[in-house]
Amino acid sequence: MTIKAIGYAANHSFSRLKPLAFEREDAGPGEVEIEILYCGVCHSDVHQAENDWGNTVYPCMPGHEIVGRVTRTGTGVTLHAVGDLVGVGCMIDSCRECAPCEAHEEQYCEGPNSWLATYNGPMVPAAKAGGNMYGRDNSYGGYSNVVVVKEDFVLKVPATLPIEAAAPILCAGVTTYSPLRHWGVKPGHKVGVVGFGGLGDMAVKLARAMGAEVTVFTTTPEKADAARALGAAAVLEGDKQAYKTLERHFDLILSTIPEKHRVDPFVPLLAHGATFVAVGALTPMPGWNHQALVMGRKSIAGSLIGSIAETQDVLDFCAEHGIAPDVEVIPIQQVNEAYKKMKAGEVRFRYVIDIASLKPELEEA
Ligand code: NDP
Ligand code: ZN
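Residues numbered from 1 in each chain as written. Chains lettered and ligands numbered in written order. Predicted model: local features only at pLDDT ≥ 70, side-chain atom pairs only at ≥ 80, totals over all residues. Heavy atoms only, no water.

(A) Representation of the overall build of the protein within the structure. A tally of regular secondary structure across the protein gives 11 helices and 17 strands. Against the compact-globule benchmark of 21 Å for 365 residues, the protein has a radius of gyration of 20 Å, which places it among compact chains. Seen along its three principal axes, the alpha-carbon backbone of the protein occupies a region of about 65 × 40 × 40 Å. Residues counted as buried form 55% of the 365 residues belonging to the protein. (Helix = DSSP H or I, 4+ residues; strand = E, 2+ residues; numbered from the N terminus. Rg over C-alpha atoms; globule rule 2.2 N^0.38 Å. Buried < 20%, exposed > 50% of the residue type's maximum accessible area, 1.4 Å probe, protein only.)

(B) Main features of the sheet that holds strand S15 (residues 299-302). Spatial strand order, S12-S11-S10-S13-S14-S15: six strands in an open sheet with parallel pairing. Looking at the sheet topology across the chains shown, the edges are occupied by strand S12 (233-236) and S15. Sheet twist, expressed as the average angle between the axes of neighbouring strands with direction ignored, equals 20°. Note that strand S10 (residues 190-194) and strand S13 (residues 250-255) share four bridges and pair parallel. Counted as the bridge partner of Gly192 is Ile253 from S13. (Pairing = 2+ DSSP bridges. Axes fitted to C-alpha atoms, helices over the stretch in contact; angles between N-to-C directions.)

(C) Representation of the domain arrangement of the protein in the model. For the protein, the assigned domains are domain 1 (2-161 + 325-364) and domain 2 (172-302). A separation of 29 Å is found between the C-alpha centroids of domain 1 and domain 2. Taken together, the 11 residues of domain 1 in the interface contact 14 residues of domain 2. Between domain 1 and domain 2, the buried area comes to about 990 Å², and carbon and sulfur atoms account for 57% of it. A salt bridge links Lys205 to Asp326; the nearest nitrogen and oxygen atoms lie 2.8 Å apart. Tallied by class, the residues present in the side of domain 1 that touches domain 2 amount to three nonpolar, four polar and four charged. (Domains from an automatic or database assignment. Contact = heavy atoms within 4.5 Å. Buried area = accessible area lost by both parts, 1.4 Å probe. Salt bridge = Lys/Arg side-chain N within 4 Å of Asp/Glu carboxyl O. Nonpolar A, V, L, I, M, F, W, Y, C, P; charged D, E, K, R; others polar.)

(D) Structural detail: the pattern of salt bridges. Under the counting rule described, the total for this entry stands at 11 salt bridges. Between Arg350 and Glu65 there is a salt bridge; the shortest N-O distance is 2.9 Å. Here Glu65 lies in the loop between helix H1 (43-49) and strand S4 (66-73) and Arg350 lies in strand S17 (residues 350-354), a separation of 285 residues in the sequence. Grouping residues by exposure puts Arg350 and Glu65 together as buried. For Arg96, the salt bridge goes to Asp152, with nearest N and O atoms at 2.6 Å. One end of the pair, Arg96, is in the loop between strand S6 (91-93) and helix H2 (99-102); the other, Asp152, is in the loop between strand S8 (146-150) and strand S9 (155-156), and 56 residues separate them in sequence. Here the salt bridges do not stand alone but share partners, grouping Asp93, Arg96, Lys150 and Asp152 into one network.

(E) Layout of the site of ligand 1. Among the 29 residues in the neighbourhood of ligand 1, the closest are listed as Thr218, Thr219, Thr220, Ile305 and Arg350. Lys223 is positioned with one of its side-chain polar atoms (N or O) 2.6 Å from an oxygen atom of ligand 1. In isolation ligand 1 has 920 Å² of accessible area, and contact with the protein removes 89% of it. Those elements that place two or more of their residues in the shell around ligand 1 are H1 and helix H5 (198-209). Per-domain counts for the shell around ligand 1 show at least three residues from each of domain 1 (2-161 + 325-364) and domain 2 (172-302). (Near = heavy atom within 4 Å. Polar contact = N/O pair within 3.5 Å; in protein donor to acceptor, adjacent residues only side chain to side chain. Areas by Shrake-Rupley, 256 points an atom, 1.4 Å probe, with all protein chains shown as cover.)

(F) Region of interest: the environment of Ala227. Mapping Ala227 onto the fold places it in helix H6 (residues 224-229). With 22 residues separating them along the chain, Ala227 and Lys205 place their C-alpha atoms 9.6 Å apart.

(G) Looking closely at the nonpolar core. If you look at the biggest cluster of nonpolar residues, it comprises 98 residues, and the most contacted ones within it are Leu17, Tyr143, Leu180, Leu206, Cys318, Tyr339 and Ile353. Residues from two domains meet in this core; each of domain 1 (2-161 + 325-364) and domain 2 (172-302) gives at least three. Listed in part, the 19 residues of the second largest apolar core include Leu246, Phe250, Phe266 and Ala271. (Core = buried A, V, L, I, M, F, W, Y, C linked by side-chain atoms within 4.5 Å.)

So, in structure tokens, the structure goes:
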């Protein structure tokens, strides 16, 4: 049996997202069917839809910040029940056998097809012939009315979180939470956040809730007040005087800039032994003066989303600390406009699609 579904998808790298009717398989053993309520719009969705990473499978139906309600469960499901408020992030399966999977770090899955992304199929594309371990080359994400996911890749959304604001925690939240935890941010640490967009907003809130002193580096002077409202200091990127004052200041700097960018200006700002983590740019970066790293045993690092366990942790952490992303809810018919505004840096701070806006299109389909 299949489920009638509809979503918004791009047919090629330069097309607008348009309605696409399709079918999802019914929930099989161990799977849950979720009626999608809200889906966040991540900058990765734009990169993927526009084939910035050269690996897009079309049609491309983005959406990996999904919140919804369980509407059916397959046989053997024990973790979720019909009516539960749940979330789905960037991953819907992994090989479950490799060392990272065994260590519950599924986002670094080393299986033959790596993890299965919520949209765009396996992270390592299938060989042309012979298929792959997931039995599909593409997957359709959360810009749609319904999704079916293995129960252990489905998260529990705490009831105290605003539903629409919970959605971006599934990617923007965990992508910033994971490195903050990995590099051991604790009270009194000094954390720099570079790029104050969807991820940056969450990075500031999470680091503050962990007790860190936070400084935002922004290219947008108008965002300084928003940073201060969150208890962070704000520095305009490239402000030489401010950079001089902040030399050897930070225990961790987290860059969320979505494009390749220079790292060199930030190295002097790292304290002895500290780390600069770039999560934004999934692309070759310009080099740096290695001597500057050597002299302070400093590191430059990357970090990929977060594990399923960390995704549950960050949802619970946000509920416990009363924090959530700042969101602007839009109907799905405005998603192309939202992409334009996101690329122009005009979003404050995350667009979230109200999936109820898909109903008329579902009825027509
Ligand atoms: P947003 O567009 O919401 O925010 C990015 C911010 O970076 C902007 O608001 C702007 O902040 C700043 N910025 C944008 N362009 C430039 C530029 N050319 N130079 C300097 N600063 C710039 O994006 P998201 O927060 O949703 O995503 C950020 C990046 O993280 C994306 O590339 C996305 O693909 C990636 N990502 C990576 C993940 C991972 O696992 N590593 C997971 C999720 C996303 P300001 O106005 O303050 O300067
Ligand atoms: Zn994302």
